[in-house]
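Descriptive structure summary
What follows is the residue order along each chain.
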Amino acid sequence: MFVETPFVRKKHRRELLAKCVFGLMAGAMVVPLIMIVSYLVYQGAPLISWEFLTTNPVGGMRRGGIWSALLGTIWLVGVSLLIAAPIGVLAAVYLNEYAKDNWFNRVINLAVINLAGVPSIVHALFGLGAFVLFAGIGRSVLAASLTLAIMTLPVIIASTREALASVPRSFREACWNVGATRWQTIRSIVLPNSISGILTGVILQVSRAAGETAPIMFTGAVFFRNIEAGNLFAYSLKEQCMALSMHLYTVTTQVTGAPKPLPYAIAVVLLATVLLVNATAIVLRVYLRSRKKW
Amino acid sequence: MQHPVKKIEVSNLRLSYGAKEVIHGITFDIYENEIFGVIGPAQSAKTSLLRCINRTIEFSPDAKLKGTVKVDGSDVKTQNVYELRRKIGMVAPLPVGLPITIYDNVAFAPRCSGVTAKSDLDGLVEQCLRQAALWDEVKDRLDSLGTKLSGGQQQRLTIARALSHRPEILCLDEFSIAIDPITTMRIEDVLKELRKEMTIILVTNLTQQARRLANRTMFLWNGEIVEVDSNDVMFSDNPRNRKTYEYVNGIFG
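What you see is a predicted model, and the numbers here were worked out from it, not measured in a lab.

Focus on the overall build of chain B
Regarding its fold elements, chain B presents ten helices and ten strands. In summary, chain B has a C-alpha radius of gyration of 18 Å against a globular reference of 18 Å for 253 residues, a match within 12%. Projected onto its principal axes, the C-alpha positions of chain B cover 50 × 40 × 40 Å. Expressed as a percentage of the 253 residues in chain B, the buried residues total 43%. Taking as baseline every contact in chain B between residues at least 6 positions apart, the subset at least 24 positions apart corresponds to 68%.

Digging into the overall build of chain A
Looking only at helices and strands, chain A features eleven helices and two strands. What you see for chain A is a C-alpha radius of gyration of 24 Å, clearly larger than the 19 Å of a compact globule of 294 residues, by over 25%. Viewed in the frame of its principal axes, chain A has a C-alpha envelope of about 80 × 55 × 35 Å. Burial analysis of chain A (294 residues in total) assigns 39% to the buried set. Taking contacts inside chain A between residues at least 6 apart in sequence as the whole, the part at least 24 apart equals 76%.

Thoughts on the sheet that holds strand β4 (residues 63-71) of chain B
Residues and elements named next belong to chain B. Taken in spatial order, the four strands make up an open sheet running β2-β1-β4-β5, and their pairing is antiparallel. Each of the sheet's edge strands pairs with one partner strand only, and the pair in question is β2 (20-31) and β5 (74-75). Both β4 and β5 contribute to a ladder of two bridges, which runs antiparallel. Residue pairing for β5: lysine 70 is matched across the bridge by aspartate 75.

Concerning helix α3 (residues 102-112) of chain B
Here α3 of chain B lies mainly inside the structure; eight of its eleven residues are buried. Within α3 of chain B the residues assigned to the buried category are Ile102, Asn105, Val106, Ala107, Phe108, Ala109, Pro110 and Cys112 of chain B.

Some points on the domain arrangement of chain A
Residues and elements named next belong to chain A. The domain architecture assigned to chain A consists of domain 1 (1-44) and domain 2 (50-290). Listed by partner, the interface residues are five residues for domain 1 and six residues for domain 2. Split by residue class, the side of domain 1 that touches domain 2 holds three nonpolar, two polar and no charged.

Considerations on the interface of chain B and chain A
Chain B puts 19 residues into the contact, and the matching count from chain A is 18 residues. Where the side of chain B that touches chain A is concerned, the elements lending two or more residues are α2 (81-87) and α3 of chain B. A class-by-class count of the residues in the side of chain B that touches chain A yields eleven nonpolar, five polar and three charged.

Points about the packing of helix α5 (residues 120-134) of chain A against helix α6 (residues 141-165) of chain A
Residues and elements named next belong to chain A. Their axes nearest at 9 Å, the elements α5 and α6 cross at an angle of 135°. What the angle tells us is that α5 and α6 run oblique. Every pair of crossing elements has a handedness; the one defined by α5 and α6 is right-handed. Along its contact with α5, which presents Ser120, His123, Ala124, Phe126, Gly127, Phe131 and Val132, the element α6 presents Ala143, Leu146, Thr147, Ile150 and Met151.

Here we look at unusual backbone geometry
Residue and element names in this part refer to chain B. Residue asparagine 33 is not a glycine yet carries a positive backbone phi of 60°. Despite not being glycine, arginine 166 shows a phi value in the positive range, around 45°. One can find arginine 166 in the loop between α6 (151-164) and β7 (169-173).

Describing the sheet that holds strand β3 (residues 35-39) of chain B
All names here are of chain B. Overall, mixed pairing links the six strands, which are arranged β6-β7-β8-β3-β9-β10 in an open sheet. If you trace the sheet from one side to the other, it starts and ends with β6 (88-91) and β10 (224-230), each paired once. The average angle at which neighbouring strand axes cross in this sheet is 15°, direction not considered.

A short note on the nonpolar core
Counting 145 residues, the largest nonpolar core has Leu76 and Ile266 of chain A together with Cys171, Ile201 and Leu202 of chain B as its most contacted members. Element by element, the count of residues in this core is highest for α6 of chain A, at 15 residues. Once residues within four sequence positions are removed from consideration, isoleucine 201 of chain B is found in contact with Ile30, Phe36, Val38, Leu50, Ile169, Cys171 and Leu172 of chain B.

A few points about the confidence of the model for chain B
With 98% of its residues at a pLDDT of 70 or more, chain B has an overall mean of 89. For this predicted complex, the interface confidence comes out at an ipTM of 0.86, alongside a pTM of 0.83.

Structural notes on the environment of valine 233 of chain B
Residues and elements named next belong to chain B. By the element assignment, valine 233 lies in helix α9 (residues 231-234). Sequence separation between valine 233 and serine 74 is 159 residues, and the spatial gap between their C-alpha atoms is 30 Å. With residues near it in sequence (within four places) discarded, valine 233 still touches Pro239 and Arg240.

Regarding the environment of serine 74 of chain B
One can find serine 74 of chain B in strand β5. When the C-alpha positions of serine 74 of chain B and isoleucine 8 of chain B are compared, they lie 9.2 Å apart, and in sequence the two are 66 residues distant.

Considering the packing of helix α8 (residues 182-211) of chain A against helix α11 (residues 261-290) of chain A
Residue and element names in this part refer to chain A. In contact at an axis separation of 9 Å, α8 and α11 are set at 180° when each is read in the N-to-C sense. Comparing their axes, α11 and α8 come out roughly antiparallel. Residue-level contacts link Ile195, Ser196, Leu199, Thr200, Ile203, Leu204, Val206, Ser207, Ala210 and Gly211 of α8 to Leu270, Thr273, Val274, Val277, Asn278, Thr280, Ala281, Leu284, Arg285, Leu288 and Arg289 of α11. Partitioning the contact of α8 with α11 into residue classes produces twelve nonpolar, seven polar and two charged.

Each value, and the rule that gives it
- In every chain, residue numbers begin from 1 and rise along the written sequence.
- Here every chain gets a letter starting at A, and every ligand a number starting at 1, in the order they are written.
- Local features in this predicted model are restricted to residues whose pLDDT is 70 or higher, and side-chain atom pairs enter the listing and the counts only when it is 80 or higher, whereas totals over whole chains, interfaces and linings include all residues.
- Secondary structure elements are defined from DSSP: runs of H or I of at least 4 residues count as helices, runs of E of at least 2 residues count as strands, and each element is numbered from the N terminus.
- Based on C-alpha atoms, the radius of gyration is set beside the globule rule, defined as 2.2 Å times the residue count to the power 0.38.
- Burial is judged by counting other C-beta atoms within 10 Å of a residue's own C-beta: 20 or more means buried, 12 or fewer means exposed, and anything between counts as partly exposed, with every C-beta placed from the backbone.
- Residue pairs are scored as contacts if the distance between their C-beta atoms, which are placed from the backbone, is within 7 Å.
- One bridge is not enough; two strands pair if DSSP finds at least two bridges between them.
- All the domain ranges listed were derived from an automatic or database domain assignment.
- Just so you know the grouping, Ala, Val, Leu, Ile, Met, Phe, Trp, Tyr, Cys and Pro go in nonpolar, Asp, Glu, Lys and Arg go in charged, and all remaining residues, Gly too, go in polar.
- Angular values range over 0 to 180 degrees, each being the angle between N-to-C directions of two axes fitted as lines to C-alpha atoms, with helices fitted over their stretch in contact.
- Any angle that falls under 35 degrees is termed roughly parallel, while one over 145 is termed roughly antiparallel, one within 65 to 115 roughly perpendicular, and all others oblique.
- Left-handed describes a crossing in which the near helix is turned anticlockwise from the far one by less than a right angle; the clockwise case is right-handed.
- Put simply, a nonpolar core is buried Ala, Val, Leu, Ile, Met, Phe, Trp, Tyr and Cys residues tied into one set by C-beta atoms within 7 Å.
- What pLDDT expresses is the predictor's confidence in each residue, scored from 0 to 100.

Set out below in structure tokens:
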């Protein structure tokens, strides 16, 4: 029969305590998020409207909307992703599936890990030197996107490798045993079972790219540009553009007499864009997880 | 019996992982169309030996191999590795159902070597699943996932997959570990049939299984051959080595 000894009681008390501590910490995480979002929405709400999103700033950025900045951010993030995602994913496949454990590949690994830890302002200076000046691209959407791509690349590589490594080695060996090449194995077994993790890693980098100000400040973002409202292709790769993060910085610190809700409204739009992308990532992950096969 | 054809020739094979040598120079032949039993306790390098034959040993970066392994008279090192592995069906001791449908599990290897016609694949899949004694259990759900099968069914799926590329050599490494005795018997009957078309290497911890099925059996002990002989000798009261008698009859120690 079960006897409640002092040891058993102690064990249960500790279990309860541990659960409470962990739960409390997890709950505490939600508080700042709710506070940030509600404060921003409360402060910025009066300005937010469809018109705010789709018109250019006017009157020294004190009036009007944020269209040119919003579109600029979309362009920068989109182009940088188009560059970084394929390179990052393919490089990660090489590192995880083909590379042998030798000094050369260890150096590459080390480089990737260290690059992921480089501050964004350093990437900005690199982008200015390499793309804007040395390569002669000039300050433009392209140069800024390349800089953002360099910044997100190492993290994409790391997260993709993580996703690939989560596919059990026994699956690969089973394929090799029947004479499949590495590529046949990757294509039919490894990629289909890691694609959800890969996409999640890539999409999470979107929010990072969208939020950064430093890397684009020297390489392609400007204070103000007037573009055709409502035209999604109002920017071209060789031109400079506005960006939400930069715009937020500008109206907060450089523009005197801007209406008080304006920075908050910009912040809400930036946050909403990022959350929208993250939500897509979550939906995609849930969908692909449901198809995961072991 | 006339002169048997040598299918696999292993001569003076030494294998080490890093500084630790696990196979200490062994030499033996396996003949065409025989069932060759390999028995021996854990750590006697039975699995490593199989991996030397189909060159999957190369996936262990610290493995070093000396001596030669010949299949069909030519050194495996000089053969095309994919062709070689297609020639050899390998069943690992832990069942692996690939995370694709049961049908695709079996059709995987043929597709990799360029067989794409649905009619060819259908026949092949059915034949292999029948040979692995799995067909009756899965014929109505070929499109469900290989990973959703039970352990024993996955083991038979692994056997079906090993047969799917029509190998000339079939390596079974503890194939019956997760399979009930009756199903094991059914597969053993299939193996006796398959011997007509292929050479079978049967690594097993069940000495009785080797006794039932094999023509000849090799007793490995710590990476060395204690004895290779026809079963008549191996499992008689007077094998050439006393150790063999003791191991087979469970009076070791």
